[in-house]
Amino acid sequence: AQSVTQLGSHVSVSEGALVLLRCNYSSSVPPYLFWYVQYPNQGLQLLLKYTSAATLVKGINGFEAEFKKSETSFHLTKPSAHMSDAAEYFCAVSRTDSNYQLIWGAGTKLIIKP
Amino acid sequence: GAGVSQSPSNKVTEKGKDVELRCDPISGHTALYWYRQSLGQGLEFLIYFQGNSAPDKSGLPSDRFSAERTGGSVSTLTIQRTQQEDSAVYLCASSLSAGGTQETQYFGPGTRLLVL
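Fair warning: this is a prediction, and the values are worked out from it, not measured in the lab. (Residues numbered from 1 in each chain as written. Chains lettered and ligands numbered in written order. Predicted model: local features only at pLDDT ≥ 70, side-chain atom pairs only at ≥ 80, totals over all residues. Heavy atoms only, no water.)

Asks: How do you make sense of the state of the cysteines when you look at a structure like this?
Replies: Two cysteines joined by a covalent bond between their sulfur atoms form a disulfide. Residue and element names in this part refer to chain A. In total, this model carries 2 disulfides over all chains according to the counting rule given. At a sulfur-sulfur separation of 1.9 Å, the disulfide partner of Cys23 is Cys91. Where Cys23 bonds to Cys91 through sulfur, the torsion about that S-S bond is close to -65 degrees, and the disulfide is left-handed. One end of the pair, Cys23, is in strand 3 (residues 19–26); the other, Cys91, is in strand 9 (residues 87–94), with 68 residues separating them in the sequence. Residue class for Cys23 comes out buried when judged on its relative accessible area of 0%. (Disulfide = S-S within 2.5 Å. Helix = DSSP H or I, 4+ residues; strand = E, 2+ residues; numbered from the N terminus. Buried < 20%, exposed > 50% of the residue type's maximum accessible area, 1.4 Å probe, protein only.)

Shown next as structure tokens:
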């Protein structure tokens, strides 16, 4: 069965430091991959997505992610963390047996230390 | 522009009572999803509506759960005889069309349900 694994339920970084949130997936065919962000008391919003074009995907707020097929990974990075990045981040992968369902990771809460 | 709205934002109910959760998708969006988000877990798919097609109910956890979408717009998720394990945040999302899983989903703020 397909799965999405986000390493670390909580990640803490200092303001100005590199942000790295890890996502690994399993899929028998090249999938579509997504990162969504959920700010406190708000709905999820799309950060970026990979749809089989460029493997390095740039998103909003300075985030980017690289699709690495050999490693089945789609890690999210940002060079310099800002206090406003504190939120929960979800990785999702398209289901191979559906043309509308996604499989979601458990989420990683990003904590920014001043 | 208006995003996806959900009501109520919070709902506290007693075990055994029925609850109705409402979702107003973005105008013109034909696809609508319901998800359940439990603490420390990812989003659990519940049901999917696309236009006038029969909904995909494969994610509903029991027959106590049902949903409808009237006029291709507003949707209501109903939970009958609520149980404590139903406590969670219920999220609604809409997308522009059935263009495939690469479509961006737009989420509402959710309804936080607590069953005592």
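Asks: How do you make sense of the sheet that holds strand 3 (residues 19–24) of chain B when you look at a structure like this?
Replies: Where strands meet in a sheet, backbone hydrogen bonds hold them as pairs that are either parallel or antiparallel. Residues and elements named next belong to chain B. Pairing in this open sheet of 4 strands is antiparallel, and the strands run 1-3-7-6 from one edge to the other. Each of the sheet's edge strands pairs with one partner strand only, and the pair in question is strand 1 (5–7) and strand 6 (65–69). Strand-to-strand twist across the sheet, computed as the mean angle between neighbouring axes with direction ignored, equals 15 degrees. (Pairing = 2+ DSSP bridges. Axes fitted to C-alpha atoms, helices over the stretch in contact; angles between N-to-C directions.)

Asks: Any chance you could explain the interface of chain A and chain B here in plain terms?
Replies: Often the size quoted for an interface is simply the accessible area lost on bringing the parts together. With 21 residues of chain A at the contact, the number on the chain B side is 22 residues. For the pair chain A and chain B, the summed buried surface comes to about 1,700 Å²; carbon and sulfur atoms form 55% of the total. Broken down residue by residue, the surface that chain A buries against chain B is led by Leu44(A), Tyr100(A) and Trp104(A), which jointly contribute 34%. At the surface where chain A touches chain B, the tally comes to 0 salt bridges. At the boundary of chain A and chain B, one finds 7 residue pairs in polar contact (both at pLDDT 80 or more). Sorting the residues of the side of chain A that touches chain B by element identifies strand 4 (33–38), strand 5 (44–50), strand 9 and strand 10 (102–104) of chain A as the ones contributing at least two each. Taken together, the residues of the side of chain A that touches chain B break down into 10 nonpolar, 10 polar and 1 charged. (Contact = heavy atoms within 4.5 Å. Buried area = accessible area lost by both parts, 1.4 Å probe. Salt bridge = Lys/Arg side-chain N within 4 Å of Asp/Glu carboxyl O. Polar contact = N/O pair within 3.5 Å; in protein donor to acceptor, adjacent residues only side chain to side chain. Nonpolar A, V, L, I, M, F, W, Y, C, P; charged D, E, K, R; others polar.)

Asks: Sorry if this is basic, but what is going on with the side chain of Arg36(B) here?
Replies: All names here are of chain B. Its place among the elements puts Arg36 in strand 4 (residues 31–37). We classify Arg36 as buried; its relative accessible area is 10%. Dropping the residues within four chain positions of it, Arg36 is found in contact with Gly42, Leu43, Glu44, Leu46, Pro61, Phe65, Glu85, Asp86, Ala88, Val89 and Tyr90.

Asks: Explain unusual backbone geometry here, please?
Replies: Keep in mind that most residues, glycine aside, have a negative phi and that most peptide bonds are trans. That bond from Ser7(B) to Pro8(B) is cis: its omega, -10 degrees, falls within 30 degrees of zero. Examined against the element boundaries, Pro8(B) turns out to sit in the loop between strand 1 and strand 2 (10–13). In this structure, Thr72(A) is a non-glycine residue whose phi angle is positive, near 45 degrees. With respect to the secondary-structure elements, Thr72(A) resides in the loop between strand 7 (64–68) and strand 8 (73–78). By relative accessible area, which is 30% here, Thr72(A) ends up partly exposed.

Asks: Explanation requested: the pairing of strand 10 (residues 111–115) of chain B in the structure shown.
Replies: On any regular strand, side chains alternate: one points to one face of the sheet, the next to the other face. Residues and elements named next belong to chain B. Only one face of strand 10 is covered, namely the face carrying Thr111, Leu113 and Val115; the face carrying Arg112 and Leu114 is uncovered. Bridging between strand 8 (residues 88–95) and strand 10 involves 3 bridges; their strand directions are antiparallel. The residue of strand 10 that forms the bridge with Tyr90 is Thr111.

Asks: Can you walk me through the pairing of strand 9 of chain A in this structure?
Replies: All names here are of chain A. Burial within strand 9 is extensive, with 8 of its 8 residues counted as buried. Burial of the side chains of strand 9 extends over both faces: Ala87, Tyr89, Cys91 and Val93 are buried on one face and Glu88, Phe90, Ala92 and Ser94 on the other. Sheet topology places strand 4 next to strand 9; 6 bridges connect them, and they run antiparallel. Note that in strand 9 the partner of Gln38 across the bridge is Glu88.

Asks: Would you explain the packing of aromatic side chains in this entry?
Replies: How two aromatic rings sit relative to each other is set out by the distance from centre to centre and by the angle between their planes. Taken as a whole, this structure holds 14 aromatic pairs over all chains when the rule is applied. Seen in terms of ring centroids, Tyr35(B) and Phe45(B) are 6.5 Å apart; in terms of plane orientation they differ by 75 degrees. Their pairing is edge-to-face. With Tyr35(B) in strand 4 and Phe45(B) in strand 5 (residues 43–50), this pair connects stretches of sequence that are 10 residues apart. The burial state of Tyr35(B) is the same as that of Phe45(B); both residues are buried. Here the aromatic residues Phe34(A), Tyr36(A), Tyr100(A), Trp104(A), Tyr33(B), Tyr35(B), Phe45(B), Tyr48(B) and Phe107(B) are joined through ring pairs into a cluster of three or more. (Phe/Tyr/Trp six-rings, centres within 6.5 Å; stacked < 30°, edge-to-face > 60°.)

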